[in-house]
Amino acid sequence: MKIRKKSFITVILSLLVIFFISIQAYPSSVRGVTDKTIRVGTIGDLTGPIATIWLPVADAIRDYFRNINDKGGINGRKVNNTIEDDRYSIPLALSAFKKLVFRDKVLLLMAASGVGHTQAIIPLAEKNKIPMLAQTNDRRYFNPVRRYIFTPLPFYEDQLEIIFEYIFKDKKSKKPTIALAYPDTASGYISRDTCRKLSKIYSVKRYIETIISTGAGDFSSQILQLKKLKPDFIIIHGYVGSTSAFLRDAYKFKFHSSFIAIQYACVEDTVKVAGISAKKLIGTNCFPSWDDESQGLRDIRRIVLKYHPEGKSKNRNYLQGWFAGILINNGLKNAGRQLSADTCVKGLEMIRNFDTKGLCGIVSFGPNDHKPIDYSRFYKADVKNGKLVPITGWRKPPKLKISSN
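Anyway, here's the lowdown on the structure attached to this text. (Residues numbered from 1 in each chain as written. Predicted model: local features only at pLDDT ≥ 70, side-chain atom pairs only at ≥ 80, totals over all residues. Heavy atoms only, no water.)

## With respect to the overall build of the protein
Selection rule: Think of it this way: any DSSP run of H or I at least four residues long counts as a helix, any run of E at least two long counts as a strand, and we number them from the N terminus. Think of it in three bands: residues with accessible area under 20% of the maximum for their type are buried, residues over 50% are exposed, and the middle band is partly exposed, with areas taken using a 1.4 Å probe on protein chains only. When checking whether two residues touch, look at their non-hydrogen atoms; a contact exists if any pair is within 4.5 Å. We get accessible surface area from the Shrake-Rupley algorithm with a probe of 1.4 Å; when it comes to residues, only the shown protein chains can shield them. Neither His nor the chain termini are counted; the positive set is Lys and Arg, and the negative set is Asp and Glu. By convention, the charge on Lys lies at NZ, on Arg at CZ, on Asp at CG and on Glu at CD.
Per the secondary structure count, the protein includes twelve helices and 14 strands. On the principal axes, the C-alpha backbone points of the protein span a range of 105 × 50 × 35 Å. Across the 405 residues in the protein, those meeting the buried criterion constitute 56%. A separation threshold of at least 6 residues defines the contact pool for the protein, and within that pool the share at least 24 residues apart is 67%. Accessible surface, the protein: about 18,200 Å² in total, of which carbon and sulfur atoms supply 54%. The average position of the 64 basic charges and that of the 35 acidic charges among the side chains of the protein differ by 4 Å.

## A short note on the pattern of salt bridges
Convention followed: A side-chain nitrogen of Lys or Arg and a carboxyl oxygen of Asp or Glu constitute a salt bridge if their distance falls within 4 Å.
Under the definition given, this model contains 22 salt bridges. With a shortest N-O distance of 2.6 Å, Lys-99 and Asp-104 are connected by a salt bridge. Among the salt bridges present, the one from Asp-170 reaches Arg-395, with a minimum N-O distance of 2.6 Å. With Asp-170 in helix H5 (residues 156-170) and Arg-395 in the segment after strand E14 (387-390), the pair connects residues that are 225 residues apart, well separated along the chain. Given the relative accessible area of 34%, Asp-170 is considered partly exposed. A cluster of three or more residues bridged by salt bridges with shared partners is formed by Arg-139, Asp-158, Glu-161, Lys-371 and Asp-374.

## What to know about the environment of Arg-62
With respect to the helices, strands and loops of the structure, Arg-62 is situated in helix H2 (residues 51-70). Spatially, the C-alpha atoms of Arg-62 and Leu-388 are 26 Å apart, while their sequence positions differ by 326 residues.

## A short note on the pairing of strand E6 (residues 177-182)
Look at any regular strand and the pattern is simple: side chains alternate between the two faces of the sheet. Selection rule: When DSSP finds two or more bridges between two strands, those strands count as paired. With the strands aimed away from the viewer, a crossover counts as right-handed if its path from the first strand over the helix to the second runs clockwise.
Most of E6 sits inside the fold, with six of its six residues counted as buried. Side-chain alternation along E6 places Thr-177, Ala-179 and Ala-181 on one buried face and Ile-178, Leu-180 and Tyr-182 on a second face that is also buried. Alignment of E6 against strand E7 (residues 206-211), held across six bridges, turns out to be parallel. The residue bridging Leu-180 from the neighbouring strand is Glu-209, located in E7. Note on the crossover from E6 through helix H6 (residues 186-201) to E7: the handedness is right-handed. Inspection of the sheet shows E6 paired to strand E8 (residues 233-236) by four bridges, in the parallel sense. Bridge pairing in E8 links Ala-179 to Ile-234.

Structure representation (structure tokens):
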């Protein structure tokens, strides 16, 4: 009898040991997860033509997770974020993806520097079941929803719909001539195709297009051609360098149309670089300025001051990176301790009616919605102070039936 009892106890103890070992071993069996850490990867342009966008984004991600780790991490785990430079090159973006996924074995990915780069990575992320915050504003990749693919950005289409509504309703324009200046890139084609469709929906007298290359610094020929056609409004899909050069050439040739920039050109750096030539610039952005007096921005400034006591201001691209950190943090927190690709996806989809306290309004994900930002706001250049001042409240795009094909 004693032998049986002893054998029974031995079996039970053995099962308990196996059970607890399996619990401790669980995290190591999940890509990018250990008992104490979570590996997250980021791909962006740190040394290429749009590094002015991505360097602040990368800095914000570092600062955000440094703060999270200093407070104990996420559900007891510290975040280990690795950032790879793709130099705005699709081959390098693909190489960075392979390194982060197959060598570094990240759980979650934020990528990449451009629309075309991100489009190339999305099929690989889906194949390898990598939850991904895709840095693309292309509606086609989120409608219908793809299980592992999310975005922290508004669609370019949304901002352009808001701009056309502004031109016709706020400015009360009747049959205006509208021009689009855009780059010869995947993201530029989104704006081009959207504006072509919108010009047919609205009463546009004439619609004009001109290409402004990302790395170019002289747009004299484009400006002189546009000046002959006399557009009432010029919508600019550009970046700080190209937009500033475009505005300077317009000012040099005394071309005084109304300029409306979207997202990455509608930043304070454009106003500072363009100077007086930005005096007629307005634009849309889904994030506020660094000195905004909302509670969300006050909280961010207080945290950032701990790591950067010099107190230099940050820009809207920095806030984009911070917002991405917020999404990742909340998604992982919602997923709990039993982390995996699937629980991470479910954790992101559990972000509902989250109040960013002024960073970009109320945001939500869901099983049928992987884009959290619906609102953008119009800003006007304050050349004297090198700032962008809000001239409208937060706006959602009008409900228009625009085909994504």
